[in-house]
Amino acid sequence: MNISEKVAYITGMAEGMKIDDSTNEGKITLAVLDVLKEISLELEEIDETLDDMAEVVSELEEQVEELEEELYGSIDSSYDCEFENNLYEITCRNCDNSISVDMSVLDSGSVKCPNCGGKIEFDIDFLSDESSESNDDE
């Protein structure tokens, strides 16, 4: 049973009980039922809108896939590509700007900060210690 059906069921029960709308309790009960009806109608509208949007998104996805295939050609799924490009975050001591660098930059021993232009120097001996520890764990 969906929400609209449940609200209709409760409304039917209230009518069957002959709730008196001249009492305070009856007025509140009937007012709550009216609000529930409005909420259920709005939820139905939202569900319909979401269904329409999901359909549009699905169509757009298909169009994007077609464009990608047209632009880049079909991608060979048998090609297994693994990138072992580990990035390391370093922080400039002059301006506290953080940048990500790969191992080739770390091997050079220093890099120019793109923010302040200062030289960032680092020692990568700790990486060889970490890698030997992880190899020991295996």
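Residues numbered from 1 in each chain as written. Predicted model: local features only at pLDDT ≥ 70, side-chain atom pairs only at ≥ 80, totals over all residues. Heavy atoms only, no water.

Caption draft 1: Highlighting the packing of helix α1 (residues 3-16) against helix α2 (residues 24-72). Running from amino to carboxyl end, α1 crosses α2 at an angle of 160°, the nearest separation of the two axes being 9 Å. Looking at the two axes, α1 sits roughly antiparallel to α2. Crossing of α1 against α2: the hand is left-handed. Across the interface between the two elements, Ile3, Ser4, Val7, Ile10, Thr11 and Ala14 from α1 touch Leu33, Leu36, Lys37, Ser40, Leu43 and Glu44 from α2. (Axes fitted to C-alpha atoms, helices over the stretch in contact; angles between N-to-C directions. Helix = DSSP H or I, 4+ residues; strand = E, 2+ residues; numbered from the N terminus. Parallel < 35°, antiparallel > 145°, perpendicular 65-115°, else oblique. Left-handed = near helix turned anticlockwise from the far one by under 90°. Contact = heavy atoms within 4.5 Å.)

Caption draft 2: Structural view of the pairing of strand β1 (residues 88-91). In the sheet, β1 pairs with strand β2 (residues 98-101) via 4 bridges, with the strands oriented antiparallel. Paired with Ile90 across the strands is Ile99, a residue of β2. (Pairing = 2+ DSSP bridges.)

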